[in-house]
Amino acid sequence: MKLEAVGHIPLSAPWIDERDEELVMEVVRFEELLAEAIGAPYCAAVSSGTAGLHLCMRLAGVKAGDEVITSPYSFVASANCAIYEGATPVFADIDAKTFNLDPAAVEAAVTPRTRAVVAVDIFGYPCELDELRAICDRHGLTLVEDSCEALGARYKGRPLGSHGHPAVFAFYPNKQITTGEGGAVTTGSAEEHELLISLRNQGRLETSSWLQHGRLGYNYRLDDVSAALGIGQVEKLDRILAGRREVARQYGELLAGLDLATPLADDADHERSWFVYVVELPRGVDRDGVIHRLGDEGIAAAPYLPSVHLQSYMRERYGFAEGLCPVSEDVSARTMAIPFHARLAREDQERVADALRSVLV
Ligand SMILES: Cc1ncc(COP(=O)(O)O)c(C=O)c1O
């Protein structure tokens, strides 16, 4: 019997119908929409912000024995990504006003082993990109931006993610937009983009078949269903960002006059994308007591953020201790997140402000 007559019997076959095919196409559409919203030439969707940061370490060629400078006032992933490649995280202190890396501290932390700088836009406030890029250029380092909390923020008028170097975004449900789990890496470089596409897909090359792998890669693909959700989210990104901005503006009004510092205001170079609302208590105030008393009023609040270098596994692994980054440690001891999201009701914000007023007298 001729093969053409009986047909080919594959080893296995997924059950994919037309709707599923539409969804697959939607991964590509999600990437396109996101790239357009950010103004980035290239955008690769990945399975999480952490996965995106890890891939950026591979882009930078970070390897065992290297050092990667990053911020202690961050979520752990911005330091962990270096450890995944066998490098050592080096913490440079932050600026007391922006809570982002202090460029002078970064410059002072550079050694012959430094390979990259992971700059974080904490709480959606853009880091000092020009100064950090100048330091990286001077020392031959790769700049990676952790913009996981900063989709929609702008530096010198241009959206984060559109400044040429790789920038990583995250879409966990607490972020500005969500895909469930998920993330994306934007870049201005076609070569970097091609490498990202291969690395997230088990190291397959553009030309290779399913079981041919040109390099060590990972399964960091964003799944199709998550991407479909992402499309709906990007379509309302402007509304989401405006809602968050308005809630932040109202907090600014309601908390004026209280004995605490509200988040740093925008200036000509920095436009924040609101992620969380973190206030800074004066020295000497019992933060745990404040959080406890807010809790008694039915209001959630949390210490936010602990310094990464003082996490127990960091202390055990590298011997980091108090005094390494005094500014970050001081800020970490006094900052606190209060309820915040795009649709927080004015009455709820008033309740939060009233409770804080009575607790802080
Ligand atoms: C600053 C920062 N970096 C990285 C991440 C990691 O993102 P994901 O949780 O998607 O892995 C987060 C998420 O919380 C973050 O806030």
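Cut-offs applied
- Residues numbered from 1 in each chain as written.
- Predicted model: local features only at pLDDT ≥ 70, side-chain atom pairs only at ≥ 80, totals over all residues.
- Heavy atoms only, no water.
- Pairing = 2+ DSSP bridges.
- Helix = DSSP H or I, 4+ residues; strand = E, 2+ residues; numbered from the N terminus.
- Right-handed = clockwise from strand over helix to strand, strands pointing away.
- Buried < 20%, exposed > 50% of the residue type's maximum accessible area, 1.4 Å probe, protein only.
- Contact = heavy atoms within 4.5 Å.
- Near = heavy atom within 4 Å.
- Polar contact = N/O pair within 3.5 Å; in protein donor to acceptor, adjacent residues only side chain to side chain.
- Areas by Shrake-Rupley, 256 points an atom, 1.4 Å probe, with all protein chains shown as cover.
- Axes fitted to C-alpha atoms, helices over the stretch in contact; angles between N-to-C directions.

Trainee: Tell me what's going on with the pairing of strand S3 (residues 88-91), and back it up with residues and numbers.
Mentor: Here strand S2 (residues 67-70) pairs with S3 via four bridges, running parallel. When the bridges of S3 are listed, Glu 67 appears paired with Thr 88. With helix H4 (residues 77-84) bridging S2 and its parallel neighbour S3, the resulting β-α-β unit is right-handed.

Trainee: Any chance you could break down H4 for me, citing the residues and the numbers?
Mentor: Across the eight residues of H4, seven count as buried, placing the element largely inside the fold. Buried residues belonging to H4 abut helix H3 (49-59), S2, S3, strand S4 (114-120), strand S5 (142-146) and helix H11 (312-318). One or two residues past the end of H4 sits Gly 86, with phi positive at roughly 85 degrees.

Trainee: Before we move on, can you summarise the site of the ligand with the specific residues and values?
Mentor: By nearness alone, 14 residues border the ligand, and Gly 49, Thr 50, Asp 146, Glu 149 and Lys 175 come closest of all. One of the side-chain nitrogen or oxygen atoms of Thr 50 is found 2.5 Å away from an oxygen atom of the ligand. In this structure, Lys 175 approaches the ligand through a side-chain N or O atom, which is 2.7 Å from an oxygen atom. When the ligand is considered free in solution it has 390 Å² of accessible area, and contact with the protein chains removes 91% of it.

Trainee: Can you lay out the sheet that holds S5 for me, pointing to particular residues and giving the numbers?
Mentor: Within the open sheet, the seven strands sit side by side as S1-S9-S8-S5-S4-S2-S3. Their pairing is mixed. Either end of the sheet is taken by a strand with one partner, and the two such strands are strand S1 (42-46) and S3. Each strand axis lies, on average, 25 degrees off the axis of its neighbour in the sheet, ignoring direction. Pairing between S1 and strand S9 (residues 183-187): five bridges, direction antiparallel. By the bridge assignment for S9, Ala 44 is matched with Val 185. Set on the sheet, helix H7 (residues 190-200) makes contact with S1 and S9; between it and S1 the angle comes to about 15 degrees.

Interpretation in functional terms is not warranted from these geometric data alone.
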